[in-house]
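# Analysis of the macromolecular model
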Amino acid sequence: MTPSYIDRITIEPGKRSGQPCIRNMRITVDDVLEYLAGGMTEEEVLADFPELTVEDILACHEFDALRKQRVRYVSR
């Protein structure tokens, strides 16, 4: 099964130091996750960044979960 984030999360070496970004924008996965962890709701993030969609936020969560899973696997 192809991850659903595959078409939404992009990595370009010259953009945001190669951090994973959302749909070729300059908003990183970590930016979105930090806003949410800081207490913003998804609705607030979407209001502050109207170029984002609910699917983008879900893609950030999926990407992060798989990234953490990979780290745990490699650490064993």
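Preceding this section is the structure that the text describes.
Residues numbered from 1 in each chain as written. Predicted model: local features only at pLDDT ≥ 70, side-chain atom pairs only at ≥ 80, totals over all residues. Heavy atoms only, no water.

## Points about the overall build of the protein
Assigned secondary structure in the protein consists of three helices and two strands. Ordered by position from the N terminus, the helices and strands of the protein form the series β-β-α-α-α. The 76 residues of the protein split such that 32% are buried. Put simply, of all contacts in the protein between residues at least 6 apart along the chain, 43% involve residues at least 24 apart. Of the roughly 5200 Å² that the protein leaves accessible, carbon and sulfur atoms contribute 53%. (Helix = DSSP H or I, 4+ residues; strand = E, 2+ residues; numbered from the N terminus. Buried < 20%, exposed > 50% of the residue type's maximum accessible area, 1.4 Å probe, protein only. Contact = heavy atoms within 4.5 Å. Areas by Shrake-Rupley, 256 points an atom, 1.4 Å probe, with all protein chains shown as cover.)

## Re the nonpolar core
In terms of nonpolar packing, the biggest core is built from 16 residues, with Ile9, Ile22, Ile27, Val32 and Leu52 touching the most fellow members. Contributions of two or more residues to this core are made by helix H1 (29–37) and helix H3 (54–75). Every residue in contact with valine 32, bar those within four places of it in the chain, is listed here: Ile22, Ile27, Leu52, Ile57 and Cys60. (Core = buried A, V, L, I, M, F, W, Y, C linked by side-chain atoms within 4.5 Å.)

## Description of H1
Looking at H1, one finds that the buried residues are Val29, Asp31, Val32, Leu33 and Leu36. Phi turns positive, to about 115 degrees, at glycine 39, one or two residues after H1.

## Some thoughts on the pattern of salt bridges
This model, assessed by the stated rule, comprises seven salt bridges. Between aspartate 56 and arginine 8 there is a salt bridge, with its nearest N and O atoms 2.7 Å apart. Here arginine 8 lies in the segment before strand S1 (9–10) and aspartate 56 lies in helix H3, a separation of 48 residues in the sequence. The class of aspartate 56 is buried, set by a relative accessible area of 0%. Linking arginine 67 and aspartate 30 is a salt bridge whose minimum nitrogen-to-oxygen distance equals 2.9 Å. One end of the pair, arginine 67, is in helix H3; the other, aspartate 30, is in helix H1, with 37 residues separating them in the sequence. Residue arginine 67 is classed as partly exposed on the basis of its relative accessible area, which comes to 26%. (Salt bridge = Lys/Arg side-chain N within 4 Å of Asp/Glu carboxyl O.)

## Looking at the environment of arginine 8
Overall, the relative accessible area of 22% leaves arginine 8 in the partly exposed class. With 50 residues separating them in the primary sequence, arginine 8 and leucine 58 have C-alpha atoms 9.9 Å apart. Discounting residues that sit within four places of it in the chain, arginine 8 has contacts with Cys21, Ile22, Arg23, Thr53, Glu55, Asp56 and Ala59. Within the local environment of arginine 8, its side chain forms a polar contact with the side chain of aspartate 56, the two groups lying 2.7 Å apart. (Polar contact = N/O pair within 3.5 Å; in protein donor to acceptor, adjacent residues only side chain to side chain.)

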